[in-house]
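# Summary of the model geometry
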Amino acid sequence: MRERRPHVVIVGGGFAGLWATRALGSAKVRITLVDRGNHHLFQPLLYQVATAGLSAPDIAAPLRHILRAQRNVEVRMATVTGIEADAKRIARDNGTSLDFDFLLLASGATHAYFGNDHWAEHAPGLKTLDDALDLRRKLLLAFERAEAASDPAEREAWLHFAIVGGGPTGVELAGTLAEIAKHTLKDEFRNIDPSRARVRLIEAGPRVLASFPDALSAKAKRQLEKLGVEVALGTPVKDINADGYTLGETFVPARTVEWAAGV
């Protein structure tokens, strides 16, 4: 008679879910890894995809390929829509359910707008490949709109890029965007000078990279400013809409605002 092995269901194929799956590679269990996508994403490099430094396949690998040699795991692409803890069962968006003996939830984090979820429409975050590709399109389109604008104020608004949040994602994105404006797009336009684009990194706290030592935080700020990034510290954003954002009591016209604050 074939031995019945405990069924472990792992929800999420990110770092936690994938590493947990691999850690159980030699365990006498049967594993089902459920993820709404079919790939593992290296999120720290999403900003490179967003700024056209890398392509999507450079930071995403199929989960089935990664786990192809691990015989005790099956990968299922689905979105989990519910959990019945007492029955030890999860529901999936394809109308099926999956029983488990043990359940590990590793579905990751999403953006937090601190009670202002309506900002998401005008200040999207960067968590998925779709987010990165949408941001890439938005950034490049902003320069095109500025090139076509006849009104100086409208042109200035299209050339103002604001990143809210001074953590690693915000710092990397701001620095890379400044480099693109000043170097990558040089001499490619006739009516605008991309190097005059205004890149502002906004952090409500007293310093960028708050989780790092003070010396590294200060060095990062200096390097950003050397690249031409305007670092605004100590004042939170009060509002964001389609036309721009309010910093303190001042409204700033900006057509491109990216959210990198809070999960």
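See the structure printed just above.
Described below are features of the structure shown in this document. All figures in this text were calculated on a predicted structure; none of them were measured in a lab. (Residues numbered from 1 in each chain as written. Predicted model: local features only at pLDDT ≥ 70, side-chain atom pairs only at ≥ 80, totals over all residues. Heavy atoms only, no water.)

### Focus: the overall build of the chain
From N to C terminus, the chain includes 7 helices and 16 strands. Each principal axis of the C-alpha distribution contributes one length, and for the chain these read about 80 × 40 × 35 Å. Among the 263 residues that make up the chain, the fraction classed as buried is 41%. Counting contacts in the chain only where the partners sit at least 6 residues apart, residues at least 24 apart contribute 63% of the total. Of the roughly 14600 Å² of accessible surface on the chain, 52% is carried by carbon and sulfur atoms. Counting 33 positive and 32 negative side-chain charges, the chain places the averaged centre of each group 8 Å from the other. (Helix = DSSP H or I, 4+ residues; strand = E, 2+ residues; numbered from the N terminus. Buried < 20%, exposed > 50% of the residue type's maximum accessible area, 1.4 Å probe, protein only. Contact = heavy atoms within 4.5 Å. Areas by Shrake-Rupley, 256 points an atom, 1.4 Å probe, with all protein chains shown as cover. Lys, Arg positive; Asp, Glu negative; His and termini not counted. Charge placed at Lys NZ, Arg CZ, Asp CG, Glu CD.)

### Overview of the packing of aromatic side chains
Within this structure, the stated rule accounts for 7 aromatic pairs. Ring geometry for phenylalanine 143 versus phenylalanine 161: centroids 5.2 Å apart, planes at 35°, classification tilted. Taken as a pair, phenylalanine 143 in helix 4 (residues 129-148) and phenylalanine 161 in strand 10 (residues 160-164) lie far apart in primary sequence, 18 residues in all. Among the residues examined, phenylalanine 161 registers a relative accessible area of 1% and is labelled buried. Seen from the ring of tryptophan 19, arginine 22 lies directly overhead, with NZ or CZ sitting 5.6 Å from the centre. Lying across the ring of tryptophan 158, arginine 255 places its NZ or CZ 5.9 Å from the centre. (Phe/Tyr/Trp six-rings, centres within 6.5 Å; stacked < 30°, edge-to-face > 60°. Lys NZ or Arg CZ within 6 Å of the ring centre and 35° of its normal.)

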